[in-house]
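# Topology and contacts: notes
Next come the chains, spelled out residue by residue.
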Amino acid sequence: MSKINRASILSKLNYCQQWRPALRNAQAGTILTVAAILSIIVIYQSGMLIDADALTRYFNCTTRAANKNGTLSLQNVDNCYDNVFKGAKAAEKELEALSLVPITK
């Protein structure tokens, strides 16, 4: 091999070795980004499952109330809603205090 060929091969090797750390950093960044997106999706999906469970408990409560009395009144529905969705009553009082919801009682 001539000296020119060796020099060009060595310069190409040095060039590749310089870019390897940058490539590894880019790959690590991509992997971390994908992992972060997937973790956000999993957390979001688990939150949706909790909401679905609350709706199931609400419907079960209204069904129990209807079967117990033979009829389903609006008061039974309100009681079930307040029992299952704990923050609903506090939020309603807060909105009434701010006068954002008209009082229709």
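Residues take numbers from 1 onward in each chain, read along the sequence in its written order. Only residues with pLDDT of at least 70 get local features here, since the model is predicted, and only at 80 or more are side-chain atom pairs given and counted; chain-wide, interface and lining totals rely on the full set of residues. Note that water and hydrogens are dropped before the side-chain values are worked out from all heavy atoms of the structure.

### Points about the overall build of the protein
- Secondary structure elements are taken from DSSP: a helix is a run of H or I of four residues or more, a strand is a run of E of two residues or more, and numbering for both begins at the N terminus. When its secondary structure is counted, the protein shows 3 helices and 0 strands.
- When the helices and strands of the protein are read in sequence order from the N terminus, they spell out α-α-α.
- The buried share among the 105 residues of the protein stands at 10%.
- Roughly 9,100 Å² of accessible area belongs to the protein as shown, and the carbon and sulfur atoms make up 64% of that amount. Under the scheme applied here, a residue whose accessible area is under 20% of the maximum for its type counts as buried, over 50% as exposed, and between as partly exposed, the area being computed with a 1.4 Å probe on protein chains only. To measure how exposed things are, a 1.4 Å probe is used in the Shrake-Rupley method; for residues, cover is taken only from the protein chains shown.

### Concerning the nonpolar core
- Only buried residues count toward a nonpolar core. Its members are Ala, Val, Leu, Ile, Met, Phe, Trp, Tyr and Cys residues joined through side-chain atoms within 4.5 Å. In this structure, Ala54, Tyr58, Cys61, Val77, Cys80 and Val84 together form the largest nonpolar core, which totals 6 residues.
- Elements supplying a minimum of two residues to this core: helix H1 (3-69) and helix H2 (74-84).
- Between two residues, a contact is recorded if the distance between any of their heavy atoms is within 4.5 Å. Sequence-distant contacts of Val84, that is, excluding residues within four places in its chain, are made with Ala54, Arg57 and Tyr58.

### Digging into H2
- Among all positions of H2, only Asn76, Val77, Cys80 and Val84 are buried. Projected down its long axis, H2 shows its buried positions confined to an angular sector of 100°, all on one face. Regarding the arc, it is the one traced by the directions from the helix axis to the C-beta atoms.

### Observations regarding the packing of aromatic side chains
- Classification of ring pairs rests on two measures: the distance between centres of Phe, Tyr or Trp rings, Trp counted by its six-membered ring, which must be within 6.5 Å, and the angle between planes, read as stacked under 30 degrees, edge-to-face over 60 and tilted in between. Summed over all chains, the structure comprises 4 aromatic pairs.
- Here the aromatic rings of Tyr81 and Phe85 are separated by 4.9 Å at their centres, their planes lie at 45°, and the arrangement is tilted.
- Among the aromatic side chains, those forming a connected cluster through ring pairs are Tyr58, Phe59, Tyr81 and Phe85.

### Remarks on the state of the cysteines
- Any two cysteine sulfur atoms lying within 2.5 Å of each other are counted as a disulfide. Across all of its chains, the model carries 1 disulfide by this definition.
- One disulfide bridge connects Cys61 with Cys80, the sulfur atoms lying 2.1 Å from each other. With the S-S dihedral at roughly -75°, the linkage between Cys61 and Cys80 falls on the left-handed side. Highlighted residues: Cys61 in helix H1 and Cys80 in helix H2, separated in sequence by 19 residues.

### Regarding the side chain of Asn76
- Along the polypeptide, Asn76 turns up in helix H2.
- Classification of Asn76 as buried rests on a relative accessible area of 16%.
- Once you skip the residues sitting within four places of it in the chain, Asn76 turns out to touch Ala65, Asn69 and Thr71.

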